[in-house]
Amino acid sequence: MNFDDRLAMTDAVPAVFRQVPMPASAGPKDDEPGKGDTDTGTITKTRPKTKRPSLYRVLLLNDDYTPMEFVILVLQDVFNKSREDAMQIMLHVHQKGVGECGVYPYEVAETKVTRVMDTARKNQHPLQCVMEKQ
Ligand code: TYC
């Protein structure tokens with residue numbers, strides 16, 4: 001039982017003086033030094049910590065043996081390129097030695113590289129596909 005409960009029960013205090021609600025202004029003032037100061041005055045704005053994912057370029061490498069048509073089909077199937085875009089990328093790789101198929105977050109890029117390499121191996125072509133951080 002706390003002090004207020006005991007005070008409410010005693011006959012020493014006339015009923016009219018018991019349980020007088022305290023006005024809010026009578027409480028400790030937190031902007032006065034030494035009076036239960038809890039407000040530091042710091043304004044904080046919560047900002048969720050989000051990180052943009054790192055992006056990776058997926059590259060095709062040229063070789064002398066993989067048929068051009070196979071490369072075009074891979075570009076259409078794995079990288080969702082149109083026949084025309086696939087042809088351009090394949091020719092670029094054929095002429096320059098390396099070319100970009102797309103830019104993706106890490107796991108997407110990794111899956112695409114794996115799909116290209118698996119398809120090439122299954123069909124016994126030496127086609128190579130790699131990824132590099134952008
Ligand atoms: N150079 C190959 C040929 O002449 C074609 C080719 C293109 C191979 C692109 C791989 O990533 C490549 N048949």
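Values in this document were obtained by computation on a predicted structure and should not be read as measured data. (Residues numbered from 1 in each chain as written. Predicted model: local features only at pLDDT ≥ 70, side-chain atom pairs only at ≥ 80, totals over all residues. Heavy atoms only, no water.)

Peer 1: Go over the packing of helix α2 (residues 68-79) against helix α4 (residues 106-122), please, and point to the residues and values.
Peer 2: Two elements in contact, α2 and α4, have axes separated by 11 Å at closest approach and are oriented at 145 degrees. At the point where α2 passes α4, the crossing takes the right-handed sense. Contacts from Phe70, Val74, Asp77, Val78 and Phe79 in α2 reach Lys112, Arg115, Val116, Thr119 and Ala120 in α4. (Axes fitted to C-alpha atoms, helices over the stretch in contact; angles between N-to-C directions. Helix = DSSP H or I, 4+ residues; strand = E, 2+ residues; numbered from the N terminus. Left-handed = near helix turned anticlockwise from the far one by under 90°. Contact = heavy atoms within 4.5 Å.)

Peer 1: I'd like to hear about the site of the ligand, residue by residue, with values.
Peer 2: In the neighbourhood of the ligand, the contacting residues comprise Leu60, Leu61, Asn62, Asp63, Thr66, Met68, Val71, Met90, Val93, His94 and Leu127. At a separation of 2.9 Å, a nitrogen atom of the ligand approaches a polar side-chain atom of His94. When the ligand is considered free in solution it has 350 Å² of accessible area, and contact with the protein chains removes 89% of it. At a threshold of 2 Å from the grid points, most atoms of the ligand map onto the largest pocket. Mapped by element, the contributors of at least two residues to the shell around the ligand are β1 (55-61), α2 and α3 (83-96). Per element, the largest residue contribution to the shell around the ligand is 3 residues, and it comes from α3. Taken together, the residues of the shell around the ligand break down into 7 nonpolar, 3 polar and 1 charged. (Near = heavy atom within 4 Å. Polar contact = N/O pair within 3.5 Å; in protein donor to acceptor, adjacent residues only side chain to side chain. Areas by Shrake-Rupley, 256 points an atom, 1.4 Å probe, with all protein chains shown as cover. 1 Å grid on protein atoms, 1.4 Å probe; cavity = no way out; pocket = protein on both sides within 12 Å on 5 of 7 lines; lining within 4 Å. Sits in = over half its atoms within 2 Å of the grid points. Nonpolar A, V, L, I, M, F, W, Y, C, P; charged D, E, K, R; others polar.)

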